[in-house]
Amino acid sequence: MGKVYYTFFDTVSYLYSYAGDSQQSFDEKTAAAAALLEEYHQMMDIYHEYSGLNNLCTVNKNAGGQPVQVDPRLIDFLLYAKELSAQTNGKMNVMMGAVLAPWHEAQAAAGKDPGKACLPDRTALEQARAHTGLSLLEIDPKAGTVRITDPQARLDAGAVGKGYATEMAARLLESMGGEGYVLNIGGNIRIIGQKPDGSGWRTAIKDPFHHDSQYAMYLELADTSCVTSGNYERFFTVEGKQYHHIIDPDTLMPADYFASVSVIAKDSGLADGLSTALFCMDYESGRALADRLEGVEVVWIFLDGTQRHTSGIHPLDPKDSE
Ligand code: ADP
Ligand code: MG
């Protein structure tokens, strides 16, 4: 019926409907979802402030100071992100901003002048580790305030924010009667409902070793989301070696267990946060965590190309997927 493109969270995104909505209804629903995504983007932004809005950048600036009044939706997000961080044993940690900031700076500097690319200072990273505790984030839902108690600690919503916002947009679309929609928010895929004939949506997991052109697995999915964390998504190069953007909280270096980890789960926020967490832990620990969680399926692609997946994953024959 329709497809619209946007830029959210600095990535190419689209909303797509394959069911029977009229053009007018499609336009109304996608405009509402787009507006909501933009609001979440602003609330979760750690780099910029916006006039009249206290966002994560504001909360970070006030670390060690007074509680900051924020939108109730940001409170809900932080409660969610903190809980998920705890559930993953801090492998995905929303309070890792102090460690991630030097990595973001190194990446940005390498982007400006690749010849001068260098790694963050090891001592600075080690020192930052002391300022990443989840307990440093105080959330007061009644007062509607957030406070970081340690002046050097920082929030970073990068691992879970986009998926959470995607989930909120999907729920809004559903509440407006949207059926048969696909949201692809910078690669975070959330499918609402199924096709009118009862079948699912064909999607593919990229081949991490040929991510521009090839796929490693095809799946038919309905009413769920699929989020991938991969070592090929964002990286910079120092002395011929690639350093990507997902940092193992234990080594403080880019995690090197897998080339990619994909999570299929209905809640797109969970899928996003979990894909980052699983990317930072060995297969056995990740498999145990995935098996403990209801409705979560995972595809792991190892650095040598080996694939493993949980029992609810049913890959399609590539021949049927063209
Ligand atoms: P994507 O870029 O595809 O959204 P992720 O969902 O894996 O990838 O999130 C990566 C971002 O999350 C990084 O850019 C960084 O800001 C943040 N991040 C990296 N490692 C971690 C981690 N272990 N825990 C929490 N946040 C992280
Ligand atoms: Mg993630």
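Residues numbered from 1 in each chain as written. Chains lettered and ligands numbered in written order. Predicted model: local features only at pLDDT ≥ 70, side-chain atom pairs only at ≥ 80, totals over all residues. Heavy atoms only, no water.

Visitor: Explanation requested: the state of the cysteines in the structure shown.
Guide: Cysteine pairs can be covalently joined through their sulfur atoms, and such a bond is termed a disulfide. Tallied over the full model, the rule gives zero disulfides. Counting only cysteine sulfurs, Cys226 is the nearest neighbor of Cys280, a cysteine outside any disulfide, at a range of 18 Å. By relative accessible area, Cys280 is classed as buried at 0%. (Disulfide = S-S within 2.5 Å. Buried < 20%, exposed > 50% of the residue type's maximum accessible area, 1.4 Å probe, protein only.)

Visitor: Which parts of the structure should I look at to understand the coordination of the magnesium ion (ligand 2)?
Guide: Angles at a metal have ideal values that depend on geometry: 109.5 degrees with four tetrahedral donors, 90 or 180 degrees with six octahedral donors. Distances from the magnesium ion (ligand 2) to its protein donors, namely Ala159 (O), Asp272 (O), Asp272 (OD) and Thr276 (OG1), fall within the range 2.1 to 2.4 Å. Mapped onto the sequence, the residues coordinating the magnesium ion (ligand 2) show the spacing A-x112-D-x3-T. In this pair, Ala159 is assigned in the loop between strand 5 (145–148) and helix 6 (161–175) and Asp272 in helix 7 (residues 268–279), connecting sequence segments 113 residues apart. (Donors = N, O, S within 2.8 Å, 3.2 Å for Na, K, Ca; no water. Helix = DSSP H or I, 4+ residues; strand = E, 2+ residues; numbered from the N terminus.)

Visitor: I'm lost on the nonpolar core in this one. Help?
Guide: Inside soluble globular proteins, nonpolar side chains tend to come together where they are buried. Core analysis: the biggest nonpolar cluster contains 65 residues, and Phe77, Leu155, Leu278 and Trp300 have the highest contact counts within it. Looking at which element gives the most residues to this core, the answer is helix 1 (residues 23–44), with seven residues. Two domains share this core, each providing at least three of its residues, namely domain 1 (2–40 + 162–321) and domain 2 (56–148). With 15 residues, the next largest nonpolar core counts Leu100, Leu125, Val238 and Leu252 among its residues. (Core = buried A, V, L, I, M, F, W, Y, C linked by side-chain atoms within 4.5 Å. Domains from an automatic or database assignment.)

Visitor: How do you make sense of unusual backbone geometry when you look at a structure like this?
Guide: Among all residues save glycine, negative phi is the norm, and among peptide bonds the norm is trans. Positive phi, normally seen in glycine, also occurs at Asn89, with a value near 60 degrees. Along the chain, Asn89 turns up in the loop between helix 3 (72–87) and helix 4 (97–112). Even without being a glycine, Glu239 presents a positive backbone phi close to 45 degrees. As for its placement among the helices and strands, Glu239 is situated in the loop between strand 11 (235–238) and strand 12 (241–244). Overall, Glu239 belongs to the exposed group, its relative accessible area being 82%.

Visitor: What is the right way to read the packing of helix 1 against helix 3 from this model?
Guide: A packed helix pair is summarised by two numbers, namely the angle formed by the two axes and the spacing between the axes. Where helix 1 meets helix 3, the closest approach of the two axes is 11 Å, and the angle between their N-to-C directions is 70 degrees. If you check the angle between helix 1 and helix 3, you find them roughly perpendicular. The interaxial crossing formed by helix 1 with helix 3 has right-handed handedness. Contact with helix 1, carried on its side by Leu36, Glu39, Tyr40, Met43 and Met44, involves Arg73, Leu74 and Phe77 of helix 3 and no other residues of that element. Its residues assigned to classes, the contact of helix 1 with helix 3 comprises six nonpolar, no polar and two charged. (Axes fitted to C-alpha atoms, helices over the stretch in contact; angles between N-to-C directions. Parallel < 35°, antiparallel > 145°, perpendicular 65-115°, else oblique. Left-handed = near helix turned anticlockwise from the far one by under 90°. Contact = heavy atoms within 4.5 Å. Nonpolar A, V, L, I, M, F, W, Y, C, P; charged D, E, K, R; others polar.)

Visitor: How should I be thinking about the domain arrangement of the protein in this particular structure?
Guide: Accessible area lost upon the coming together of the parts is a frequently used measure of interface size. For the protein, the assigned domains are domain 1 (2–40 + 162–321) and domain 2 (56–148). With 30 residues of domain 1 in contact, the opposing surface of domain 2 contributes 24 residues. Taken together, the two surfaces of domain 1 and domain 2 that pack against each other cover about 2,300 Å², and 66% of this comes from carbon and sulfur. When the buried surface of domain 1 facing domain 2 is broken down by residue, Tyr164, Phe236 and Leu252 rank first, second and third, together holding 30% of it. (Buried area = accessible area lost by both parts, 1.4 Å probe.)

Visitor: Help me understand the environment of Glu105, please; the structure alone is not making it clear to me.
Guide: Position of Glu105 among the secondary structure elements: in helix 4. The exposed category is assigned to Glu105, whose relative accessible area is 56%.

Visitor: Please explain the site of ligand 1 as it appears in this structure.
Guide: Taken together, 20 residues lie around ligand 1, and Lys91, Arg234, Ile247, Asp272 and Thr276 are the ones closest in. One of the side-chain N or O atoms of His104 is found 3.1 Å from an oxygen atom in ligand 1. Look at ligand 1: alone it shows 570 Å² of surface, and the protein chains cover 96% of it. Of the residues assigned to the shell around ligand 1, the class counts are eight nonpolar, six polar and six charged. Counting contributing residues per domain, the shell around ligand 1 is built from domain 1 (2–40 + 162–321) and domain 2 (56–148), each supplying no fewer than three. (Near = heavy atom within 4 Å. Polar contact = N/O pair within 3.5 Å; in protein donor to acceptor, adjacent residues only side chain to side chain. Areas by Shrake-Rupley, 256 points an atom, 1.4 Å probe, with all protein chains shown as cover.)

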